[in-house]
Amino acid sequence: MHPLDNPIWNALSTRQEHFAEVKGLARKFPAEVTTLAGFADPTQESLQALAQLLQPGEVVGLFLHQAAQLPAGLISLRELPLVQMWHEGHALDTPKAGFLELAITDIPEMVALAKLTEPGPFGTRTRELGTYIGIKKDGKLAAMAGERLKVPGCTEISAVCTHPTQTGHGYATALVAELTAKIHARGETPFLHARADNVRATDVYRRLGFTERFRFHLMVVGKAK
């Protein structure tokens, strides 16, 4: 299997193993880093291990090839198709748009922007996963994007979002193009995920040279209280 066929598990077993919280066959990121979990195979034993790993009320996202039958202790909160795209082409020439590498002092604004726009799970320690860049206008964070999952040879672009008052300027496109170029420059392949119904986002990614690689069944599951 390609590492991107099971990116959460492979990230937590290789390049981001230092983040892994482990119970039997299940692994997850700390909740404040990102609410993602995985296993080598979604067997009942693996799912039961996940139920033991989660705290009461805790929620995680699973990237599965098909819906799983959940054991006692886990409940499904949301399910939807997720498109995985990657960029196998050449590095992009990116416009100079006043990018800033976001620092620890930017975390409150980053969390607030993610909460407002909901680009995916984002916590107070998500910035630790990789480089995050942004565009500020009048001293306030207008848009951001960064790196999340990292598997051998590949890095994911995530948390792509723009403040509702700053849309229409191409900020998100420019940020994704900049990160794509940076990842290629390291000799890695950029990839990302988007909801299958988010046509606006997938169209932008296609214009940047990303192509669809795989479709996951996203299951957001929680531990019953």
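Look above for the structure.
In what follows, the accompanying structure is described. (Residues numbered from 1 in each chain as written. Predicted model: local features only at pLDDT ≥ 70, side-chain atom pairs only at ≥ 80, totals over all residues. Heavy atoms only, no water.)

## A word on helix α3 (residues 107-117)
Now for step 1: Three or more residues of α3 are buried, namely Ile107, Met110, Leu113 and Ala114. Projected down its long axis, α3 shows its buried positions confined to an angular sector of 130°, all on one face. Exposed side of α3, more than 90 degrees from the buried face: Pro108 and Lys115 are the residues found there.
Now for step 2: Close packing links the buried residues of α3 with β7 (132-137), β8 (140-151) and β9 (154-162).
Now for step 3: Glu118, located one to two residues past α3, shows a positive phi value of around 55°. (Buried < 20%, exposed > 50% of the residue type's maximum accessible area, 1.4 Å probe, protein only. Helix = DSSP H or I, 4+ residues; strand = E, 2+ residues; numbered from the N terminus. Arc of directions from axis to C-beta. Contact = heavy atoms within 4.5 Å.)

## Considering helix α5 (residues 199-207)
One full turn of an α-helix is made of 3.6 residues, so residues set three or four places apart face in the same direction.
Now for step 1: Listed as buried for α5 are Ala201, Thr202, Val204 and Tyr205. Summarising the axial view, the buried residues of α5 lie within an arc of 155°, below the 170-degree limit, and thus occupy one face. Exposed residues pointing more than 90 degrees away from the buried face of α5 are listed as Arg200 and Arg207.
Now for step 2: Elements that come into contact with the buried residues of α5 comprise β5 (74-86), β9, α4 (171-185) and β10 (189-195).
Now for step 3: Looking one or two residues past α5, Gly209 carries a phi angle of roughly 105°, positive in sign.

## Observations regarding the sheet that holds β7
Now for step 1: The 8 strands are arranged β4-β11-β5-β10-β9-β8-β7-β6 in an open sheet whose pairing can be described as mixed. Strands at the two margins of the open sheet, each flanked by one partner only, are β4 (59-64) and β6 (100-101).
Now for step 2: As paired strands, β5 and β10 are joined by 5 bridges and run antiparallel to one another. Pairing of Leu82 across the sheet is with Arg195, part of β10. (Pairing = 2+ DSSP bridges.)

## Some points on the pattern of salt bridges
Now for step 1: Per the stated rule, a full pass over the model turns up 17 salt bridges.
Now for step 2: With a shortest N-O distance of 3.1 Å, Arg125 and Glu32 are connected by a salt bridge. Taken together, the positions of Arg125 in the loop between α3 and β7 and Glu32 in the loop between β2 (26-28) and β3 (37-39) put the pair 93 residues apart, joining distant regions of the chain.
Now for step 3: Note that Asp197 and Arg195 form a salt bridge whose closest N and O atoms lie 3.1 Å from each other.
Now for step 4: For Arg195, a relative accessible area of 33% puts it in the partly exposed group. (Salt bridge = Lys/Arg side-chain N within 4 Å of Asp/Glu carboxyl O.)

## Some points on the pairing of β7
Now for step 1: Taken together, the 2 bridges between β6 and β7 define a ladder with antiparallel strand orientation. Opposite Leu100, over in β7, you have Gly134 as the bridge partner.
Now for step 2: Bridge count between β7 and β8: 6 bridges; the pairing is antiparallel. Residue Ile135 lies in a different strand from β8, and its bridge partner there is Ala143.

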